[in-house]
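# Architecture at a glance
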Amino acid sequence: MIPLNEQNLQELKETCEDLGLKKFRAKQLFHYFHKEGGQDLSQMTTLAKNQRQELLALDLPKVDIEQVFPSKIDKTKKFLFHLKDGHLVEGVLMDNDYGLSQCISSQVGCRMGCSFCASTKEGRIRNLTPYEMLGQVYEVTKKYGRLHSIILMGSGEPLDNYDNVMRFLDLLHDENGYNLSYRNMTLSTCGVVPGIEKLAQENKPINLAISLHTPFQKDREKIMAVAKKYSLEDLFKAIDFYQEASKRRVSYEYTLIDGVNNREKDALELKKLLGGRLHHLNLIPLNPIQEYKENRPSKDHVRDFQRLCTDLGLNVTLRREQGGDIQASCGQLRRKYKEGSLV
Ligand code: SAH
């Protein structure tokens, strides 16, 4: 059976029937899990004790905030979430003018193998279940207030955990629960082509972000293992298919690596690739990690590249750096914590 807190209302109604509970209990349960953010049925007071008994025996996934790392220079916070089996995943809460935005992890580890990313260094340990993603939202909401938006940009590749991620998005969207608009959800992928094609047919107006990082196939293969499996040509075919179906602008993340992807020829090729498409190019200066020897470009070089792109007519922004003092790129925090080297 799907865990109770991962069932949609219809499924819960059927479960309640199977358990001999009245159908209206389904809505109460859904409300408890997804509106109140409840994780402990023994605390659910609308259910009588004898009704709770059977439900209490069911094993439910759970998420707890293990530790919060607040920035001292802005309102950004980083989190370590504890899962029931002892694994830890990270999250980040950003305080923007328009409201709170949370970065969500979709897997423990990752198997995509991008050379500059810490999350992938130990491979994929396991997928997160739908509730393990919802719980990240609910626990943070209970502490800091309602979110304006979520971005699936924490550890993991969301399209490598497709079904769980879709169920997570649907439950978060449900009007009987958290009721978050799809338009306030962003899914970021390194370019899993079949996943993008599938997403195009979902008819969910979420935002799609593609981790592009270079416009050249050969260079992409060097820094992103996924490029060997899915070429840039196939990736853009899938993106065009997605855009045709969704009519939505696609974002491109571009981690700036000095001398690797911030040359003039990179900007010129980006223009060829993105110029004719509805796009938003988001530049992210590299957060150096131990296992990757390249550097982030200097501030001047970052600005130069941004100007170059702007002058070429690209729609480009530089990601505002938040929580600079607690800066740890994805995956670093979890590992440092495990090694006991956090100060
Ligand atoms: N797997 C998904 C989402 C997780 S990564 C994806 O690849 O899109 C979220 C973003 O952070 C991606 O664009 C990723 O390439 C970028 N990123 C990873 N490591 C980074 C680092 N060390 N410095 C800067 N950006 C990094």
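Provided above is the structure to which this section pertains.
Remember, predicted model here, so these are calculated numbers, not experimental data.

Turning our eyes to something else, we now look at the nonpolar core. Across soluble globular proteins, nonpolar side chains have a tendency to be buried as a group. Membership of the largest hydrophobic core comes to 92 residues, with the highest contact counts inside it found for Ile-150, Phe-168, Leu-169, Leu-172 and Leu-281. By residue number, the principal contributor to this core is helix 5 (residues 162–173), which donates seven residues. Residues contacting Ile-150, with those up to four places away along its chain left out, are Gln-102, Ile-104, Val-137, Phe-168, Leu-169, Leu-172, Leu-180, Asn-184, Met-185 and Thr-186. Core analysis: the next-biggest nonpolar cluster, separate from the first, contains six residues, Met-94, Cys-103, Ile-151 and Ala-209 among them.

Our next topic: the packing of aromatic side chains. In this structure the tally under the stated criterion is eight aromatic pairs. Measuring from ring centre to ring centre gives 5.8 Å for Phe-236 and Tyr-252, while their planes differ by 15°; the resulting arrangement is stacked. One end of the pair, Phe-236, is in helix 9 (residues 232–246); the other, Tyr-252, is in strand 10 (residues 250–256), with 16 residues separating them in the sequence. In terms of burial, Phe-236 and Tyr-252 fall into one category: buried. Above the plane of the ring of Tyr-162 lies Lys-198, whose end atom (NZ or CZ) is 4.3 Å from the centre.

Within the structure, the ligand sits among 16 residues, and Phe-116, Ser-188, Ser-211, His-213 and Asn-287 are positioned closest to it. Within the backbone of Gly-156, an N or O atom sits 3.0 Å from a nitrogen atom of the ligand. His-213 has a polar side-chain atom sitting 2.6 Å from an oxygen atom of the ligand. Its free accessible area being 540 Å², the ligand has 93% of it covered by the protein chains. Among the elements of the structure, strand 8 (185–189) and strand 10 are those that each provide at least two residues to the shell around the ligand. Grouping the constituent residues of the shell around the ligand by class yields five nonpolar, nine polar and two charged.

The rules behind these values
Residues numbered from 1 in each chain as written. Predicted model: local features only at pLDDT ≥ 70, side-chain atom pairs only at ≥ 80, totals over all residues. Heavy atoms only, no water. Core = buried A, V, L, I, M, F, W, Y, C linked by side-chain atoms within 4.5 Å. Buried < 20%, exposed > 50% of the residue type's maximum accessible area, 1.4 Å probe, protein only. Helix = DSSP H or I, 4+ residues; strand = E, 2+ residues; numbered from the N terminus. Contact = heavy atoms within 4.5 Å. Phe/Tyr/Trp six-rings, centres within 6.5 Å; stacked < 30°, edge-to-face > 60°. Lys NZ or Arg CZ within 6 Å of the ring centre and 35° of its normal. Near = heavy atom within 4 Å. Polar contact = N/O pair within 3.5 Å; in protein donor to acceptor, adjacent residues only side chain to side chain. Areas by Shrake-Rupley, 256 points an atom, 1.4 Å probe, with all protein chains shown as cover. Nonpolar A, V, L, I, M, F, W, Y, C, P; charged D, E, K, R; others polar.

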